[in-house]
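What follows is the residue order along each chain.
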Amino acid sequence: MIKLKNITKWVNNGNNRVFLLKDINLQFNEGEFISIMGPSGSGKSTLLNVIGMIDDADEGEYHFLDQAVHEMKEKQRALLYKQHIGFVFQAYHLIDELTVYENIETPLLYQNIKSSDRKAMVADMLDRFNIVGKKDLFPNQLSGGQQQLVGIARALIGAPTVILADEPTGNLNSKQGEEIMELFRELNEKDGVTIIQVTHSEKNAAYGNRIIHLLDGRVDHHAMEQYTKTV
Amino acid sequence: MFKNYFTIALRNIKRHRSHSVINIAGLAIALAATIVIFLVLQHEYSYDTYHKNADRIYQVIKKDVSPTETGFQVGVPFPATRALRQDFPQVTFGELYKSFGSQLTVMKDPNTISSRRFIEESGVFFADPEIFSIFDVKWMAGSAAVLKEPGKLVLAKSIAEKYFGTWQSAMDGYLKIDNNILVQVAGIIEDVPSNSDFPFAVIPSYKTFESNQQYFNYGEQINDWGLSTSDHQVYALLPENMKAASIDANLETFSRKYYRMESATKTSHFLQPLKNIHFDTRLENNGDHISNKTSLNTLALIGVLIVLMACINFINLSTALAAKRGKEVGIRKVMGSSKTQLRTQVLFETGLIVLFAGMTAVLLAWLALPYLRYIADIQQQLTLINTGSILFLVITLVVTTILAGFYPSLILSSFQPVEAIKNKINNTRVGGLSLRRVLVVLQFAFSQLLIIATIIAVGQMNFIRTADIGFDKEAVLLLQGNNDSTSLARQAAFKSDLLKLPAVKSVSFTMDPPSSLNSWTTNFAFNNNTEDLPFSLYLKTGDEHYAGTFGMNLLAGRFYTTADSARKVVINETLMQKVGIKEPSEAIGKTIRIGAGKFREIVGVVRDFKNNSLRDGIQPTAIISYPAFYSLTAIKLKSNNLGKSGEAIQQVWDKHYPEYAAETRFLDESINEFYQQEERLSRLYKVYATLAIIISCLGLYGLVSFMAVQKNKEVGIRKVLGASVGSIVYLFSKEFTVLILIAFALAAPAGWYLMNNWLQNFTYRIDIGAWVFILAVLASVIIAWLTVGYKAISAATANPVKSLKSE
Ligand SMILES: Nc1ncnc2c1ncn2[C@@H]1O[C@H](COP(=O)(O)OP(=O)(O)OP(=O)(O)O)[C@@H](O)[C@H]1O
Ligand SMILES: [Mg+2]
């Protein structure tokens, strides 16, 4: 469902062109659970943002569900990812001025869903993540793990086909992290949601059924071969 | 969706409380100021628009063109009305004669006087029935037809109630005008709206005036085309589809037919549209003031600028705050919000703040309205809520929202979500730092402009109030009486009783004090020449004690005496110079012919005194004796403190004039009244300059608070490195001082240009000194420092460790 062909992204630093991503060729299928790994600064977040359409590549082709994203205008792209993509961030990125309930509801507002339907959908989510009691609290009144649950609930509420998660457990302790990973696995297996996560932890990466290694903005095939060998 | 916008807007307003307070306060003050200005303009431009034929109503104006000057008069010669009706049969003409300070005595029956008597300063119009075919009034009883007969009169409802208790009982009742003319109430009209320059209150028929001419001192001259008084006015109602210009052309022919064309002054007539009557400062009207359209437009401009200033504050603070909201915007974009939705959200939030400000503004305006009469010419209470003002408020709120919210909404919605989420949005990225500087400069330029205008206006007012008017206006009491023959006959006895009072120094009978808003002009000839001089002579008339009572200074010769007053005349310096005499003593013995009279000998020259307000120059003036016109008694007191002698004077009055109410005022007070319009104008400037300063200070304070947060870390590091509090305060103030100086470079020339123009309205005016500008710039620098200082000092004295740790 996702095809990246020769994706390249750079920034100009004086006369030097610094490549953030270079010739990325990847293909992800529906229902996969992908883990992206690599050292700090290798371009993992950049790649995820490009996949999530909140950042542009400078060169290359990007097809999402057979639609040419690289040829789209911002509006069309927004329409596409609004329908299909849910984001989970390391730093949660909840809106501080909104309650748990309202944070979860926000994506629905931008999808023109009726108020009564929204209520039911948010209630479902609260239920599912066991945070009904917290619905009127503000993000700063929650623990990190709870905030991330809200973040995931928010990502899921629009029933996306793909979840992009950038170090979703980075700010959590290992137990909380494990819970999130279990949740992802369940979503992937039961609901068939495609998951692409960035992670530094081998253990979390192992939840996925495929691991992509990045190094200096390139796909590190060597590391990937090594990895498959050890498995 | 909007519910979500609404909650987040409310929470944002609460979260950034000081920022919101500054925004709301600034906008509220500005909006209140514009609401008040709107009400003033709405009222001024509504004068006499309610007449159903308003666009077909005209006033016949008289224009006198001499080789040296052109004069305009609302007064039309008495015989003109009939001639106009004859020559323009298709036009409806109406005439009226206006009477000032008439006394009306309620009669028990046609022969018995009651003790109920009233003086009507204005509102008394002898009118013919046609006047009410032209102007709309609502008849409660009777009709315009009752004015066809002499001895009939129509009253406005409130006057009828004042005189007779109820308006119903007023019908058929009798009144006596100035103790001479008996009239019967034959009609009642509803009170004329306050936005009319035709305050009809007491309306005897015009025929009543015609059949009682002997009481009005016009004598045979009443049929003379050479005589006109501003009290006799003619109005016209044109048939539909007739152009005033075509009548004007024919009025030229008309004038050539009736006026003596051999005289140096050429007289003609033209039609003045009703809608100009409230604004034509060349002429007088029958209302309580004439408005200057330039002043009104300036006021409108001030209103617009003040709102713009508040919008500038809003934009400044919102863009400054944008950095803080970058994250929210980024997240919303990732959640699928479009740019339009984000812009709508920002505009919605702005709208909410503007709405709060609007509600506060309505409250402020409501509190301020009763004080309006101190700064505007409008003396009646205006109503805050009417269709026009609601519409204005709605439009202003919408426009303000767009002005204040549009730019911040563009800035916010243009954030790239990646950068917003990475927290890369900072103050410089928000851009517009230089834009914000430009806006602050504009704000300061405007408030400095107002400061300059205020200093000059107030200076000019003080100059006028304390200026030498050429005579002694202190301790002179004026008693307004009548000049009918019975009143005049009692003057000698009245005077001798007055002089017996210990407080009284001298008494003079006259028509007018030396300074008054009335003017009486005539043609004249000098030194036995048959030719008239090509300029008008201004007349003052009083008895032989006039100069003494008013403390005038003789430069040469003497004042006329009882014995020779009928044959002698006293002139002022200006007249002397205008007829080409250098030394006052040389003027003595020369002669002047006033109007068509005999030549009189000049016996004295007085130092120039201000005939009118100081707006006008001193006119060539002659003082003559003319006892038939002496309706005013001037009493010079030994001290300004009236005390018990007020009662004593009243008793003397009642003894001699029991049938007249005494109307007294002090000369210096009535002179001060000339400058009421200017006085109000200078108050207006003060008020609006203060508002402008408050608004720009609010903006400055908000900006500096924001800067303080931004510079927290820098200040912390500097302090750790050993910077003094003073040097840190300097860090904050330096930039603003530079901005103020730039603003000054804009404001100073503009202020000089505008106020120099304004001063041209006055013949006697102050020079605009450099000190005005120095004072203005110093004032704004000091005010800005005070505003900035508090925040700067608290930033400078904060614990550096804290601010560094929080990073
Ligand atoms: N706007 C930019 N200008 C210059 N360099 C940038 C910019 N954005 C990212 N980079 C650089 O691109 C590289 C990749 O960044 P990216 O955030 O994708 O790394 P990452 O793999 O997610 O690292 P981490 O594991 O630390 O999150 C980094 O070296 C970063 O410094
Ligand atoms: Mg990263």
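Given the structure is predicted, the values throughout are model-derived calculations rather than measurements.

Asker: Which residues make up the overall build of chain A, and what values go with them?
Answerer: Of regular secondary structure, chain A possesses 8 helices and 10 strands. Seen through its principal axes, chain A has C-alpha atoms that stretch 50 × 40 × 35 Å. Residue pairs in contact within chain A that sit at least 24 positions apart in sequence constitute 70% of those at least 6 positions apart. As displayed, chain A offers around 11,000 Å² of accessible surface, 45% of which is attributable to carbon and sulfur atoms. Looking at charge distribution, chain A has the averaged site of its 24 positive side-chain charges lying 2 Å from that of its 31 negative ones.

Asker: Which residues make up the domain arrangement of chain B, and what are the values?
Answerer: When the parts of a complex come together, some accessible area is lost, and that lost area is often taken as the interface size. Split into domains, chain B comes out as domain 1 (1–47 + 293–432), domain 2 (58–277), domain 3 (440–468 + 673–807) and domain 4 (482–659). Once you take the C-alpha centre of each, domain 2 of chain B and domain 3 of chain B turn out to be 54 Å apart.

Asker: Requested: an account of the UniProt feature "transmembrane region" (unreviewed entry) in chain B, with residues and values cited.
Answerer: All names here are of chain B. This chain's UniProt record puts "transmembrane region" (unreviewed entry) on residues 21–41, 299–323, 344–369, 389–415, 435–458, 687–709, 721–748 and 768–788. Split by type, residues 21–41 is 100% helix and 0% strand. Its first and last C-alpha atoms lie 30 Å apart. Along residues 768–788 one finds 90% helix and 0% strand; the C-alpha atoms at either end are 31 Å apart.

Asker: Lay out the site of ligand 1 in plain terms, naming residues and giving numbers.
Answerer: Around ligand 1 there are 14 residues in total, and Ser 40, Gly 41, Lys 44, Ser 45 and Thr 46 of chain A lie nearest to it. The site occupied by ligand 1 is bordered by residues of chains A and B. A distance of 2.5 Å is found between an oxygen atom of ligand 1 and a side-chain nitrogen or oxygen belonging to Thr 46 of chain A. One of the side-chain nitrogen or oxygen atoms of Glu 167 of chain A is found 3.4 Å away from an oxygen atom of ligand 1. When ligand 1 sits alone it has 640 Å² of accessible area, and the protein chains cover 61% of it. Examining the composition of the shell around ligand 1, we find that 3 residues originate from one element, helix H1 (residues 44–51) of chain A, more than from any other. A breakdown of the residues in the shell around ligand 1 according to their chemical character gives 3 nonpolar, 7 polar and 4 charged.

Asker: Explain the packing of aromatic side chains to me, using residue names and the numbers behind them.
Answerer: All names here are of chain B. Taken as a whole, this structure holds 38 aromatic pairs over all chains when the rule is applied. Look at Phe 88 and Phe 254: their rings are 6.0 Å apart centre to centre, the planes differ by 50°, and that puts the pair in the tilted class. With Phe 88 in the loop between helix H3 (80–87) and strand S3 (92–99) and Phe 254 in helix H8 (residues 244–258), the pair connects residues that are 166 residues apart, well separated along the chain. Here the two residues Phe 88 and Phe 254 agree in accessibility, since each one is buried. Relative to Tyr 235, the ring of Phe 135 lies with its centre 5.3 Å away and its plane at 75°, an arrangement referred to as edge-to-face. Of this pair, Phe 135 sits in the loop between helix H4 (131–134) and strand S7 (139–141) while Tyr 235 sits in strand S12 (residues 232–237), placing them 100 residues apart in sequence. Owing to a relative accessible area of 0%, Phe 135 belongs among the buried residues under this scheme. Ring pairing ties together the aromatic residues Phe 125, Phe 132, Phe 135, Trp 139, Phe 198, Phe 200 and Tyr 235, which thus form one cluster. The ring of Phe 279 carries Lys 293 above its face, with NZ or CZ at 4.8 Å from the centroid. For Lys 578, the ring lying beneath its charged end belongs to Phe 535, and the centroid distance is 4.4 Å.

Asker: Requested: an account of the nonpolar core, with residues and values cited.
Answerer: Residues and elements named next belong to chain B. Grouped together as the largest cluster of nonpolar side chains are 119 residues, with contacts concentrated most on Ile 306, Phe 550, Ile 623, Tyr 688 and Phe 732. Setting aside its immediate chain neighbours within four residues, Ile 306 contacts Ala 30, Ala 33, Phe 446, Tyr 688, Leu 691, Ala 692 and Ile 695. The next biggest cluster of nonpolar side chains, apart from the first, holds 55 residues, and it includes Val 154, Ala 156, Ile 188 and Leu 274.

Asker: Outline the interface of chain A and chain B, supporting the account with residue identities and numerical values.
Answerer: Chain A puts 24 residues into the contact, and the matching count from chain B is 21 residues. Both faces combined, the contact of chain A with chain B buries some 2,300 Å², and carbon together with sulfur accounts for 59% of it. The three residues of chain A that bury the most area against chain B are His 93, Glu 97 and Tyr 110 of chain A, which together make up 31% of that side's buried surface. Applying the counting criterion to the chain A and chain B interface returns 3 salt bridges. Taking the shortest distance from any N to any O, the salt bridge between Arg 11 of chain B and Glu 102 of chain A comes out at 2.5 Å. On inspection of chain A and its partner chain B, the count reaches 5 residue pairs in polar contact (both at pLDDT 80 or more). Every element with two or more residues in the side of chain A that touches chain B is listed here: helix H2 (74–84) and helix H3 (100–109) of chain A. The element best represented in the side of chain A that touches chain B is H3 of chain A, accounting for 5 residues.

Asker: Provide a residue-level description of unusual backbone geometry, including the pertinent values.
Answerer: Here Asn 6 of chain A, not a glycine, exhibits a phi torsion of approximately 55°, which is positive. Within the fold, Asn 6 of chain A resides in strand S1 (residues 2–13).

Asker: Could you give me a rundown of the sheet that holds strand S4 (residues 59–64) of chain A, with the residues and numbers involved?
Answerer: Residues and elements named next belong to chain A. Spatial ordering of the open sheet is given by S2-S1-S4-S5, a layout of 4 strands whose pairing is antiparallel. Each edge of the open sheet is held by one strand with a lone partner, namely strand S2 (16–28) and strand S5 (67–68). As judged from the 5 bridges shared by S1 and S4, these two strands associate in the antiparallel manner. Bridging from a neighbouring strand, Thr 8 pairs with Glu 59 of S4. Running at roughly 60° to S2, H1 makes contact with S1, S2 and S4 of the sheet.

Asker: For the packing of helix H1 (residues 2–15) of chain B against helix H10 (residues 339–368) of chain B, give the residues involved together with the corresponding values.
Answerer: All names here are of chain B. Packing of H1 against H10 brings their axes to within 9 Å, and their N-to-C directions diverge by 55°. Here H10 runs oblique to H1, going by the angle between their axes. Read as a crossing pair, H1 and H10 show a hand that is right-handed. Listed contacts from H10 to Phe 2, Tyr 5, Phe 6, Ile 8, Ala 9, Leu 10, Asn 12 and Ile 13 of H1 are Gln 341, Thr 344, Gln 345, Phe 348, Glu 349, Leu 352, Ile 353 and Phe 356.

Asker: Can you lay out the pairing of strand S22 (residues 599–606) of chain B for me, pointing to particular residues and giving the numbers?
Answerer: Residue and element names in this part refer to chain B. Counting buried positions along S22 yields 6 of 8 residues, so the element is predominantly enclosed. Judged from the 3 bridges that link them, strand S19 (residues 554–557) and S22 form a sheet pairing that is antiparallel. Residue Ala 556 lies in a different strand from S22, and its bridge partner there is Val 605. Pairing geometry for strand S20 (residues 568–572) and S22, over 5 bridges, is parallel. Following the sheet pairing, Val 570 is matched in S22 by Gly 604. Pairing of strand S21 (residues 591–594) with S22 involves 3 bridges; the strand directions are antiparallel. Each bridged residue has a counterpart across the sheet, and for Thr 591 the counterpart in S22 is Glu 601. Hairpin remark: S21 followed by S22, antiparallel, with 4 residues in the connecting loop; positive phi at Gly 595, about 60°.

Asker: Could you give an account of the side chain of His 656 of chain B, naming the residues involved and the relevant values?
Answerer: Along the polypeptide, His 656 of chain B turns up in helix H19 (residues 645–656). Filtering out sequence-adjacent residues up to four positions away, His 656 of chain B remains in contact with Arg 490, Ala 493, Phe 494 and Asp 497 of chain B.

Asker: An account of the environment of Phe 736 of chain B is needed here, citing residue identities and associated values.
Answerer: Residue and element names in this part refer to chain B. Tracing the backbone through its elements, the reader meets Phe 736 in helix H22 (residues 725–759). In this structure the C-alpha to C-alpha distance between Phe 736 and Val 440, which are 296 residues apart in sequence, comes to 8.8 Å. If sequence neighbours within four positions are ignored, Phe 736 has contacts with Leu 700, Val 704, Met 707 and Val 788.

Asker: Describe the sheet that holds strand S3 (residues 33–37) of chain A, listing the residues and the values that go with them.
Answerer: Residues and elements named next belong to chain A. On the basis of which strands lie adjacent, the open sheet formed by 6 strands has the order S6-S7-S8-S3-S9-S10 and mixed pairing. Whereas interior strands pair on both sides, the edge strands pair on one side only; in this sheet they are strand S6 (85–88) and strand S10 (218–219). Bridge count for S6 against strand S7 (residues 162–166) is 4 bridges, and the pairing is parallel. Of the residues in S7, the one forming a bridge with Gly 86 is Ile 163.

What counts and what doesn't
Along each chain, numbering runs from 1 in the same order as the chain's sequence is written. Starting at A for chains and at 1 for ligands, labels are handed out in the order in which the entities are written. Given that this is a predicted model, residues contribute local features only at a pLDDT of at least 70 and side-chain atom pairs are listed and counted only at 80 or more, while totals for whole chains, interfaces and linings are drawn from all residues. Side-chain measures were taken over the full set of non-hydrogen atoms in the model, leaving aside hydrogen atoms and water. Numbering of helices and strands runs from the N terminus; a helix is a DSSP stretch of H or I covering at least four residues, while a strand is a stretch of E covering at least two. Whether two residues are in contact is decided by their heavy atoms: any pair within 4.5 Å suffices. Where accessible areas are quoted, they stem from the Shrake-Rupley method and a 1.4 Å probe; at the residue level, only the protein chains shown are allowed to cover. A positive count includes Lys and Arg, and a negative count includes Asp and Glu. His and the chain ends are not counted in either. Where a charge lies is defined by one atom per residue type: Lys uses NZ, Arg uses CZ, Asp uses CG and Glu uses CD. Residue ranges for the domains originate in an automatic or database domain assignment. UniProt positions are given in the numbering used here, feature names are shortened, and annotations may be inferred rather than shown by experiment. Definition of nearness: a residue and a molecule or strand are near each other if at least one heavy atom of the residue lies within 4 Å of the molecule or strand. Counting of polar contacts relies on pairs of N or O atoms within 3.5 Å, with two restrictions inside protein: one atom must be capable of donating a hydrogen and the other of accepting it, and residues adjacent in sequence are counted only when both atoms are side-chain atoms. Each residue gets one label: Ala, Val, Leu, Ile, Met, Phe, Trp, Tyr, Cys and Pro are nonpolar, Asp, Glu, Lys and Arg are charged, and the others, such as Gly, are polar. Each Phe, Tyr or Trp ring (for Trp, its six-membered ring) is paired with any other whose centre lies within 6.5 Å, and the angle between the two planes then decides the class: stacked below 30 degrees, edge-to-face above 60, tilted in between. Three labels apply to residues, based on accessible area from a 1.4 Å probe with only protein chains included: buried if under 20% of the type maximum, exposed if over 50%, partly exposed otherwise in between. Here, a charge over a ring means that NZ of Lys or CZ of Arg falls within 6 Å of the ring centre while also lying within 35 degrees of the ring normal. As used here, the term nonpolar core means buried Ala, Val, Leu, Ile, Met, Phe, Trp, Tyr and Cys residues forming a set that is joined through side-chain atoms within 4.5 Å. Note on definitions: buried area is the accessible-area loss of two parts on being combined, 1.4 Å probe, summed for both. Any carboxyl oxygen of Asp or Glu that lies within 4 Å of a side-chain nitrogen of Lys or Arg is treated as forming a salt bridge with it. Two strands form a pair only when DSSP identifies at least two bridges running between them. For every element, the axis is a line fit to its C-alpha atoms; helices are fit only across the contacting stretch, and the angle between N-to-C directions ranges from 0 to 180 degrees. Oblique is the label for any angle not under 35 degrees, not over 145, and not in the 65 to 115 range, which are roughly parallel, roughly antiparallel and roughly perpendicular in turn. Here a crossing is taken to be left-handed if its near helix is turned anticlockwise relative to the far helix by less than a right angle, and right-handed if that turn runs clockwise.

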